[in-house]
Structures are given as structure tokens and as C-alpha cells.
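In case you want the letters, here they are:
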Amino acid sequence: MKKLIGIFITVMMMFVLTACGNANQDGNKKASQDFYDKVKKSGVLTIGTEGTYPPFTYHDKNQQLTGFDVDIAREVAKRIGLKPKFIETKWDGMIAGLDSKRFDMIANEVGITPERQKKYIFSDPYITSHAVLIVGKNNQTIQSFEDLKGKKVAQSLTSNYLNIAKQYGAENTPVDGFDEAISLITSGRVDATVNDSLSYLDLMKRRPNTAVKKVDELKEGAQSAFMFRKGSDVLVDKINQALQDMKKDGTYLKISKKYFGTDVSK
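These remarks concern the structure in this document. None of the values given here were measured: they were computed from a predicted structure. (Residues numbered from 1 in each chain as written. Predicted model: local features only at pLDDT ≥ 70, side-chain atom pairs only at ≥ 80, totals over all residues. Heavy atoms only, no water.)

### Overview of the overall build of the chain
Helix and strand counts for the chain stand at nine helices and eleven strands. Going through the 266 residues of the chain one by one, you find that 44% of them count as buried. A sequence separation of at least 24 residues applies to 69% of the contacts in the chain between residues at least 6 apart. When the accessible surface of the chain is totalled, it reaches about 14900 Å², and 52% of it is carbon and sulfur. (Helix = DSSP H or I, 4+ residues; strand = E, 2+ residues; numbered from the N terminus. Buried < 20%, exposed > 50% of the residue type's maximum accessible area, 1.4 Å probe, protein only. Contact = heavy atoms within 4.5 Å. Areas by Shrake-Rupley, 256 points an atom, 1.4 Å probe, with all protein chains shown as cover.)

Below, the structure written as C-alpha cells:
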């Protein structure tokens, strides 16, 4: 008898937990739909971005906001029937701005990381970057990452690329960013830099005569996407469909070639 009562209690607990789980799922779906309906009714998609991070988000010579992420976000908003409204924010405060609902999403080459995925949701990736090894155009001694041992590199102290360079035994000269690293290479003060493949593509498009070259590239890529608060699932689904349609009809490739000369989704 006690055994039967125990089984009955266990079954009832499972039923209650399942019911609660389904109720939570239904509640989340409703909240997500309500949020999308609110955005749709407003007719505006608010987007957080830096505006100081070329070629992804910056101001052109006429001081108009432009960039790869900006163009992609504008096209996505248009395809889901919304007017994009960009709110320019420094990167240090951008995620806090999303949390406080200053904007509906972030478009700023945001990397998809396990830590961020615990609190936020992402669209399908629309950028894939790789670590590349860049040296002077006439450098014949460095052909691969393995050749970095004992060589001088130029890396920012907060960059993941510094860790890669150190793993291969390089000695670092600290810099503030990519352009300074390139300047140190062309002036002969350092041997190389490990950096973002997209930054290199942008450099070659802006200044094709720069006396540097790419000699190696890591196969494993890092992906970036639009970032949203949890509870934005319906909006994210609409945006993902727009991204898929853009890739199918060639719009994505056109924008990608405009800024990088190639398809940066792969």
C-alpha cells in the first residue's frame, strides 16, 4: 500500500511539474508575442550601435551614420516593415542600454559567446571572422603562426589576439588598435600582428597599397550577430527570416562586397 501511495505521489508531482513547465512556456510565448506586437505597433525598431567602429558602424564624410552592420540592420528592419532608429552609445554602456530597454537590439559586430548566451538571445550569425597573421610585404621569414617564436608583434593588451600571439612565443609591443599595429609593421618597428580578418579586408579595400600582407589564417572562426533581451523570440524569428531572404536574393552579398570585397558570413 505504501508503495502504491509513493508511486501515486511521484506521478502527481511529475504532472504538476509538467503543467508548470507548460504554463511557463505559454507565458514566455505570450510575452514574446506581446513584445513583438508592441514594436510592430510603434512602427520603429530601435537599434543600439557605436557609430565609431568602422567599417561596421561609423560616420561618413557627410557625418551620416553608415557601415556594414548599419546597412544590414536597415535592410532587415525594412523587410519586417519597421523603420530603423539608431541610438549611438559607447560600447561600455551598450549592453546596459539593452538591459534598460533603451533599444530593442544591438547591431555592433557583437560576438556570440557562451557567457552572453546565458542572459541574451542572438539572431542567426551574419559575420564570421578569423584570426590572421599580417606581416610586412617584403617579410620572407614569417610564413605561418609557428614562425612567430621570438618575433615582435603589435597587439592591444585587451585583445584575444594577444593570447594567440603569446601562445606561439611572440614578444608584444602594446598598441591601441589595428591601425597603429599596421603602422608599426610598415615602419619596421615590429615584425607582425595577429588580428581580425575583417579588419584586414577593410584595410585592403581602403588602402590597397599598404605594404603588408596576410601569410596565415586560423581555420576556426568567431561569429557575430544581432543581440536581444530574452523574451524577444518572435522578433528574432522575423529578423532571422529577413536575413535568410537577404542571403538568398543576393542583397547580403552586395552589402558584404561593398565593405569587404567578399562574403564575410563564412
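### Structural notes on the nonpolar core
Within the largest apolar cluster, 36 residues are counted, with the highest numbers of intra-cluster contacts made by L45, F68, I72, M105, F226 and I239. Elements represented by at least two residues in this core include exactly α1 (2–42), β1 (44–49), α2 (68–79), β5 (105–111), β11 (212–229), α8 (233–249) and α9 (251–260). At seven residues, α8 tops the list of elements feeding residues into this core. (Core = buried A, V, L, I, M, F, W, Y, C linked by side-chain atoms within 4.5 Å.)

### Here's the deal with the pairing of strand β9 (residues 171–174)
Relative to β9, strand β8 (residues 152–155) runs parallel, the two being bridged by four bridges. Counterpart to Q155 in the pairing with β9 is P174. Crossover connection from β8 via helix α5 (residues 160–167) to parallel β9: handedness right-handed. (Pairing = 2+ DSSP bridges. Right-handed = clockwise from strand over helix to strand, strands pointing away.)

### Looking at the packing of aromatic side chains
Throughout the structure, instances matching the rule amount to eight aromatic pairs. With centroids separated by 5.8 Å and ring planes inclined at 45°, the aromatic side chains of F56 and F260 adopt a geometry described as tilted. Linking F56 in the loop between β1 and β2 (58–59) with F260 in helix α9, this pair joins segments that are 204 residues apart in sequence. Considered together, F56 and F260 belong to a single accessibility category, that of buried residues. Taking the centre distance of 4.5 Å and the plane angle of 35° together, the rings of Y126 and F226 count as tilted. With Y126 in the loop between β6 (120–122) and β7 (127–136) and F226 in strand β11, this residue pair connects regions lying 100 residues apart in the sequence. Of the aromatic side chains, those joined through ring pairs into one cluster are Y53, F56, F68, Y126, F226, Y252, Y259 and F260. The side chain of K247 reaches across the aromatic face of Y252, ending 5.4 Å from its centre. (Phe/Tyr/Trp six-rings, centres within 6.5 Å; stacked < 30°, edge-to-face > 60°. Lys NZ or Arg CZ within 6 Å of the ring centre and 35° of its normal.)

### Here we look at the environment of I142
Considering the arrangement of structural elements, one finds I142 in the loop between β7 and β8. The buried category is assigned to I142, whose relative accessible area is 0%. Expressed as a C-alpha distance, the spacing of I142 and V215, which sit 73 residues apart in the sequence, is 7.7 Å. In this structure I142 touches L133, V135, D147, L148, K151, D191, A192 and V215, once residues within four positions along its chain are discounted.

### With respect to the packing of α2 against α8
Interhelical geometry of α2 versus α8 gives an angle of 110° and a closest axis separation of 9 Å. In terms of orientation, α2 and α8 fall into the roughly perpendicular class. For the pair α2 and α8, contact is made by I72, E75, V76 and R79 and by I239, A242, L243, D245, M246 and D249, respectively. Tallied by class, residues from the contact of α2 with α8 come to six nonpolar, no polar and four charged. (Axes fitted to C-alpha atoms, helices over the stretch in contact; angles between N-to-C directions. Parallel < 35°, antiparallel > 145°, perpendicular 65-115°, else oblique. Nonpolar A, V, L, I, M, F, W, Y, C, P; charged D, E, K, R; others polar.)

### A short note on unusual backbone geometry
Of the consecutive residues P54 and P55, the connecting peptide bond is found in the cis state with omega at 5°. Along the polypeptide, P55 turns up in the loop between β1 and β2. A positive phi angle, close to 65°, is found at Q63, a residue other than glycine. Relative to the assigned elements, Q63 resides in the loop between β2 and β3 (65–66). In the Ramachandran plot, E109 falls in the positive-phi region, its phi being about 45° despite a non-glycine side chain. With respect to the helices and strands, the residue E109 is situated in strand β5. For E109, a relative accessible area of 12% puts it in the buried group.

### Some remarks on the environment of K83
Summarising the element assignment, K83 is placed in strand β4 (residues 83–88). Since its relative accessible area comes to 59%, K83 is described here as exposed. As a C-alpha pair, K83 and T46 span 37 residues in sequence and 8.4 Å in three-dimensional space. When neighbours within four sequence positions are excluded, K83 is seen to be in contact with G43, V44 and L45.

### Things to note about the pairing of β5
Most of β5 is tucked away: seven of the seven residues are buried. When β1 meets β5, the two strands line up parallel, connected through two bridges. Bridge pairing in β5 links I47 to M105. For β5 and β11, the ladder comprises four bridges, and the chain directions are antiparallel.

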